Amino acid sequence: MTLAELLQYLDQNTAFDVLDGPPDETLSKALDGRHRDPLAGRIVKGIAEGNHCIDENSPVIRADSITALGPLRLQYMKDDAPVEGFRMMERTIHAIDGAFNDEALRERSR
């Protein structure tokens, strides 16, 4: 799976806007801190950096994607963190699992 495919899946399967334009523009905005949703931008940036992505066509791995979000996830698990941020992180983690599960099922059916 590529970063673009994962970002599109997350955008379609979470209750928030992951994409801020096409995947290449979203990545650029996230890396520069210009994403319209600061937390979504940090999620995109974390996934991209955790997978050493050079562009939206770079491959991503489930474990690296989830591990990369660990510090951000812990930040939103604190008692004084906004509940919406915690929910967004949890939905993102579940959606990443879903994306890779769906990909595995598609590969099996071929």
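For the structure given in this document, a descriptive report is provided here. The structure presented is a predicted model; accordingly, all values stated were derived computationally and were not measured.

## Structural notes on the side chain of Asp-20
Its place among the elements puts Asp-20 in the loop between helix H1 (3–13) and helix H2 (23–32). From its side chain, Asp-20 meets the backbone nitrogen of Arg-36 in a polar contact 2.9 Å long.

## Some words on the nonpolar core
Counting residues in each nonpolar core, the largest one holds 29 residues, and the members touching the most others are Leu-3, Leu-6, Ile-43, Ile-47 and Val-60. Elements with a minimum of two residues in this core: H1, H2, helix H3 (38–50) and helix H6 (83–108). No other element matches H6, which puts seven residues into this core. Residues in contact with Ile-47, not counting those within four places in the same chain, are Leu-3, Leu-6, Leu-10, Val-60, Ser-65, Leu-69 and Ile-96.

## Quick look at the pattern of salt bridges
Summed over the entire model, instances satisfying the criterion amount to eight salt bridges. With its nearest N and O atoms 3.2 Å apart, the salt bridge here joins Asp-20 to Lys-29. Assigned by exposure class, Asp-20 and Lys-29 land together as buried. Taking the shortest distance from any N to any O, the salt bridge between Arg-62 and Asp-97 comes out at 3.1 Å. With Arg-62 in helix H4 (residues 62–68) and Asp-97 in helix H6, this pair connects stretches of sequence that are 35 residues apart. Judged by relative accessible area, which is 25%, Asp-97 ranks as partly exposed. Residues joined in a network through salt bridges with shared partners are Asp-17, Asp-20, Glu-25, Lys-29 and Arg-36.

## Remarks on the packing of H1 against H2
Packing of H1 against H2 leaves a shortest axis separation of 10 Å and a crossing angle of 90°. When the interaxial angle is binned, H1 and H2 end up roughly perpendicular. Taking contact as the criterion, the partners of Leu-3, Ala-4, Leu-7 and Gln-8 in H1 are, on H2, Pro-23, Thr-26 and Leu-27. The residue inventory of the contact of H1 with H2, partitioned by class, reads five nonpolar, two polar and no charged.

## Some details on the side chain of Lys-29
Examined against the element boundaries, Lys-29 turns out to sit in helix H2. At 3.2 Å, the side chain of Lys-29 and the side chain of Asp-20 are in polar contact. Discounting chain neighbours no more than four positions away, the residues touching Lys-29 are Asp-20, Arg-34 and His-35.

Rules and cut-offs
Residues numbered from 1 in each chain as written. Predicted model: local features only at pLDDT ≥ 70, side-chain atom pairs only at ≥ 80, totals over all residues. Heavy atoms only, no water. Helix = DSSP H or I, 4+ residues; strand = E, 2+ residues; numbered from the N terminus. Polar contact = N/O pair within 3.5 Å; in protein donor to acceptor, adjacent residues only side chain to side chain. Core = buried A, V, L, I, M, F, W, Y, C linked by side-chain atoms within 4.5 Å. Buried < 20%, exposed > 50% of the residue type's maximum accessible area, 1.4 Å probe, protein only. Contact = heavy atoms within 4.5 Å. Salt bridge = Lys/Arg side-chain N within 4 Å of Asp/Glu carboxyl O. Axes fitted to C-alpha atoms, helices over the stretch in contact; angles between N-to-C directions. Parallel < 35°, antiparallel > 145°, perpendicular 65-115°, else oblique. Nonpolar A, V, L, I, M, F, W, Y, C, P; charged D, E, K, R; others polar.

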